[in-house]
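Summary of the model geometry
Listed here are the chains, written in short residue letters.
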Amino acid sequence: MAETGVVARSPIAPAAPEIILAGWAVSARRSGAALTVTDCTPLTKVAIKAAPVGATAERLEVPFGRVSRQTWTLGDRDCSVMVVGSGPGEWLVLGPPGSQVSLIHQLSALAGDGDLVAVVDLSHGRALVRLTGSWAAEVLAKETAMDLGDSVCPDGAAFRSAVAGLAADVIRDDRDGTRSYLVGCERSSGQYLFDSLLESGAEFGIEVDGFVPPDI
Amino acid sequence: MILIPCPWCGSRDAGEFAYGGEPTPRPDPRTATREQWRGYLYLRNNVAGWTTERWYHRMGCRRYLTVQRNTVTNEVRQP
């Protein structure tokens, strides 16, 4: 009898060929194009809410609108995580796929005494897309009214605004000096967001690139 | 286009917000008359000119804010 296992699926249909990585069905396509879009939904996404000013906020060390890349010990290994100040008193922590339990434990331990704190795993409730390339800002500018210039939105900045008409978290996270944005939205709108970015990037030669864990 | 100055996010397009309407003081339901309660629920001043409004930044910081808007010119300013 064939062995079976649970496979998580992103709301964004993986471009062929499809493989299973870290328990997620992802695209195995590899692109060398100057502008790529990658479905990063398999990344662990944990939201934490607390008072904008308080012990928990101090321990997270990330103000609203900024991003910090930190190394946390998850289980028995050191992992790179991204802490995003996604709103006033609201943070989004991105970690490698499958690290929900460890991240929630870490964040629960981080909560300040006496603070009213909520920690919620959003890994399967949000879609996350990475747009990378020197034209990434031009593509995103077709979908949002936000000023994406370096003076307003430098590397390490984050904001929530309308992207393709959806409420979306946008994180500027450049990769090796190349512009890159992570765009997250509600799971049910993920495919629409992905398709909108592909359509907007068509004139710039955008291609789909597959997810490679940990990719954070 | 109406730009609304959000104290957390800066000026954003009104499309990112949900209109909350004129802030109306809520009468005490134990002592309010039917007329007072009806006025609280349904009647607004609807002035032509500057009015104070509540808006909800649903696509941004998800906070309520109060601004003043000129209903004739759609000019918006901090109260």
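Everything numeric in this text was worked out from a predicted model, so none of it was measured.

Remarks on the overall build of chain A
Looking only at helices and strands, one finds 4 helices and 14 strands in chain A. In summary, chain A has a C-alpha radius of gyration of 17 Å against a globular reference of 17 Å for 216 residues, a match within 12%. Dimensions of chain A, computed from C-alpha atoms along their principal axes, come out at roughly 60 × 50 × 30 Å. Put simply, chain A has 216 residues, and 44% of those count as buried. Across chain A, contacts joining residues at least 24 apart in sequence account for 66% of those joining residues at least 6 apart.

Observations concerning the domain arrangement of chain A
Residue and element names in this part refer to chain A. Looking at chain A, the domain boundaries give domain 1 (11-42 + 124-209) and domain 2 (44-121). Summarising the inter-unit geometry, the C-alpha centres of domain 1 and domain 2 are found 22 Å apart. Facing the 14 residues of domain 1 at the interface are 11 residues of domain 2. Elements supplying a minimum of two residues to the side of domain 1 that touches domain 2: β10 (126-133), β11 (158-163) and β12 (166-172). Class assignment for the residues of the side of domain 1 that touches domain 2 results in 8 nonpolar, 2 polar and 4 charged.

Comments concerning the interface of chain B and chain A
Interface extent is often summarised as the accessible area lost during association of the parts. If you look at the interface, chain B gives 12 residues, while chain A gives 9 residues. Residues belonging to the side of chain B that touches chain A are distributed by class as follows: 4 nonpolar, 2 polar and 6 charged.

Some points on the nonpolar core
Residues and elements named next belong to chain A. In this structure, V84, V93, V129, L131, V183 and L193 are the most contacted members of the largest nonpolar core, which totals 54 residues. In terms of domain composition, this core takes at least three residues from each of domain 1 (11-42 + 124-209) and domain 2 (44-121). Non-local contacts of V129, meaning those with residues more than four positions away in its chain, are made with V37, T38, D39, C40, V183, L193, F194 and L197.

About the cut-offs
- Residues numbered from 1 in each chain as written.
- Chains lettered and ligands numbered in written order.
- Predicted model: local features only at pLDDT ≥ 70, side-chain atom pairs only at ≥ 80, totals over all residues.
- Helix = DSSP H or I, 4+ residues; strand = E, 2+ residues; numbered from the N terminus.
- Rg over C-alpha atoms; globule rule 2.2 N^0.38 Å.
- Buried ≥ 20, exposed ≤ 12 C-beta atoms within 10 Å, placed from the backbone.
- Contact = placed C-beta atoms within 7 Å.
- Domains from an automatic or database assignment.
- Nonpolar A, V, L, I, M, F, W, Y, C, P; charged D, E, K, R; others polar.
- Core = buried A, V, L, I, M, F, W, Y, C linked by C-beta atoms within 7 Å.

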